[in-house]
Amino acid sequence: MTRAESTAAGGVAAGSVSLRRPRPRYGEAVIRGALFAAALLSVATTVGIVVALIVPTVEFFAEVSVLDFLTGTEWAPLFARPKFGVLPLLVGTLVVTVVALIVAIPLGLGAATFLSEYATDRVRRVLKPVLEVLAGIPTVVYGFFALTFVTPLLQDIWLFGDPPEGFNALSAGIVMGIMIVPTVASLSEDAMSAVPADLKAGGYALGSSKRQVATRVTFPAALSGIVAAIVLAISRAVGETMIVLVAAGGTPNLSADPREAMQTMTAFIGAAGIGDQPVGSIGYKTIFAVGSLLFVITLVMNAVSIRLVRKFREVYE
Amino acid sequence: MSTTQTTGVEDPAVAEATSHADLTAGQRSIKDVLFYVGMLASLGIAFTALVALIALMLVQGWPRLNLDLITHFPSSIPARAGAESAVLGSIWVVGFTALFTIPLGVAAAVYLEEFADKQRWYNRLIELNIQNLAAVPSIVYGILGLGLIVQAAGLGQVVLAASLTLTLLVLPTVIIAAREAIRAVPDSIRAGSLALGATQWQTVWRQVLPASVPGIATGVILALSRAIGEAAPLVLLGGLTFIQFNPSGLDSPFTVLPIQIFNWVSRPQDEFEVLAAAAGVVLLVILLAMNSIAILVRNRFQRRW
């Protein structure tokens, strides 16, 4: 109270000359500075990630040529006669990601369309949080599920050719797809809900059915947001570690057959980390080189996704 | 986000449109029905997977779901193994993560919402940067922790290193949630406080923050529940070591529950698979409890303006 009074008194003293406060408040400036520092920590984190990655990566490429790394077809960095071709890891990541997307895109978009266009408010309030639970389950539990349930199930019901191996990219990818359904669904639903009601009303006025409005009006109008959701989902899939580490096996394998065991970039990093590489050894540096590649890939995806989201927000909100 | 507002506004219109559409219900084609069934099926498959997962964990882990699980230390003999050091490790690591994350995250959110001039390039940079960090894979944070916190700073593979790494990992999520909670406080509250002569900080501290506590708490709990299930970054920080004692301080080696599960899954014996499932149930129960608290806080204390 005294503080407020003194401020008021100060204001009176300043009279009509100026409405500005009569004396600077140093305490406020200090607090503001501290808050700014906390916000700046996020930038420091990014800088930290880049620094942590770049130094060992540069050292790595002093020993291994960039061309060999990016085009080599054999990955055996921890062997006595090491091979540093990252292609098997990239292809492994790609195979698992594609399987995950084949699962997540239709399920996610189906769920989003239902929640945004068909569900009543009450249904949506119940279904949405339950769907979100899928994103909150620890990934190591998903890995367990893939290894001990999905893989045996696939082996049992497999009809054509050889069934999947005990460790395989397929079950890891399917379970990862389930995990990212909420990612696809919630962002897509946001985008669909942001489509103005008069656009949809226009569709109905022309005699369209609900499905026609959903697929021919809402979907195209929300497309940038939907693409953003999918790009973000890809980035999630590429960066996911524990599912592949548990269920996809630990052997680098340059193959497009999802029934085989494969190693992804993340699984390699995890496996190498478990192996406790001596600091400064080539094995230790390899973690950072693969990490840099992973970071760059996901960074590009995230940037694309953020840009697309901003686009649909600008158009409709 | 803005979803709730938008849906709130447009819903009457949609309902109206629906009733118009119903006038033509006679023409509903087989395609419409198939489309509807397809949508329900996608939700159905997702929920079936969720139910199957929970059921599998319960059934598989049932034989070992008793107090022994959390009162025994890991052992190479399955019958004697438990997850005591892992449960306590998780509590230590996530406890300190909370201690670091809450003040830092709220401070950053207050700055961005209440003080930052959005026109300045550095404020826009911070904002974009936080969005980006939120989507960086968790294993990359593990690399950051390994390279800078464990090695360069020389902390070693200890509780503090794990807590700091997880803090950096969940900070973006906390900041984003806290910003939304702060943004939801109406400007009239701020204007009223300022008009009574309060400074900007007094307004934030005595009006805005108390009003946004429920939203912030919800966001913090959800972020911490992510931290408690996280294994990938901690694998790089030496969390996989065989630990037969409870953490005793910030400088003590550790293991956490998700990593103990991973350890048991990757062993060949079936008995360990049972243990993994049982520990998975424990982890899911902890998460369920945290999420229920978050929902309770939100429904109980959140004010609608």
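Starting from 1, residues in each chain are numbered consecutively following that chain's sequence as written. The order in which chains are written sets their letters, starting at A; the order in which ligands are written sets their numbers, starting at 1. Local features are withheld for residues below a pLDDT of 70 in this predicted model, meaning they are given only at 70 or higher, and side-chain atom pairs are given and counted only at 80 or more; totals for whole chains, interfaces and linings count all residues.

Visitor: How do you make sense of the interface of chain A and chain B when you look at a structure like this?
Guide: Accessible area lost when the parts come together is the quantity often used to give the size of an interface. Contacts between the two partners involve 84 residues from chain A, matched on the other side by 87 residues from chain B. Counting residues per element, the side of chain A that touches chain B draws most heavily on helix α2 (residues 26-63) of chain A, which supplies 19 residues. We call two residues in contact when the distance between their C-beta atoms, placed using the backbone, is within 7 Å. Starting at the N terminus, helices and strands are each numbered in turn, a helix being any DSSP run of H or I of at least four residues and a strand any DSSP run of E of at least two.

Visitor: I'm lost on the packing of helix α2 (residues 30-61) of chain B against helix α12 (residues 270-301) of chain B in this one. Help?
Guide: Between two packed helices, the angle of one axis relative to the other and the distance separating the axes together describe the packing. Residue and element names in this part refer to chain B. Close contact between α2 and α12 brings their axes to 7 Å; oriented N to C, the two are set at 125°. Considering their axes alone, α2 and α12 lie oblique with respect to each other. The handedness of the crossing between α2 and α12 is left-handed. Contacts between α2 and α12 involve Ile 54, Met 57, Leu 58, Gln 60 and Gly 61 from the former and Glu 273, Val 274, Ala 277, Ala 278, Gly 280, Val 281 and Leu 284 from the latter. Ten residue types, Ala, Val, Leu, Ile, Met, Phe, Trp, Tyr, Cys and Pro, are classed as nonpolar, four, Asp, Glu, Lys and Arg, as charged, and the remainder, Gly among them, as polar. Here the residues of the contact of α2 with α12 are counted per class, giving eight nonpolar, three polar and one charged. Simply put, an axis is a line fit to the C-alpha atoms, just over the touching stretch for a helix, and the angle between two N-to-C directions goes from 0 to 180 degrees. Here the angle decides the label: under 35 degrees means roughly parallel, over 145 means roughly antiparallel, 65 to 115 means roughly perpendicular, and every other value means oblique. It is the rotation of the near helix from the far one that decides the hand of a crossing: anticlockwise by less than a right angle makes it left-handed, clockwise makes it right-handed.

Visitor: Please clarify how the domain arrangement of chain B should be interpreted in this entry.
Guide: All names here are of chain B. The domain boundaries assigned to chain B delineate domain 1 (29-64) and domain 2 (68-301). Computed over C-alpha atoms only, the centres of domain 1 and domain 2 are separated by 30 Å. Counting residues at the interface gives seven residues for domain 1, matched by nine residues for domain 2. Across the side of domain 1 that touches domain 2, the residue classes break down as four nonpolar, two polar and one charged. The domain boundaries here were taken from an automatic or database domain assignment.

Visitor: Is there a simple way to think about the UniProt feature "domain: ABC transmembrane type-1" (unreviewed entry) in chain A in this case?
Guide: UniProt positions are given in the numbering used here, feature names are shortened, and annotations may be inferred rather than shown by experiment. The positions UniProt marks with the feature "domain: ABC transmembrane type-1" (unreviewed entry) are residues 90-305 of chain A. Helix makes up 77% of residues 90-305 of chain A and strand 0%, with an end-to-end C-alpha separation of 21 Å.

Visitor: When you look at the UniProt feature "transmembrane region" (unreviewed entry) in chain B in this model, what are you seeing that I'm missing?
Guide: Residues and elements named next belong to chain B. Following the UniProt record, the feature "transmembrane region" (unreviewed entry) maps to residues 33-59, 91-112, 133-153, 159-178, 227-245 and 274-297 here. Here residues 91-112 is 100% helix and 0% strand, with 31 Å between the C-alpha atoms at its ends. Taken end to end, residues 274-297 is 100% helix and 0% strand, and its first and last C-alpha atoms sit 35 Å apart.

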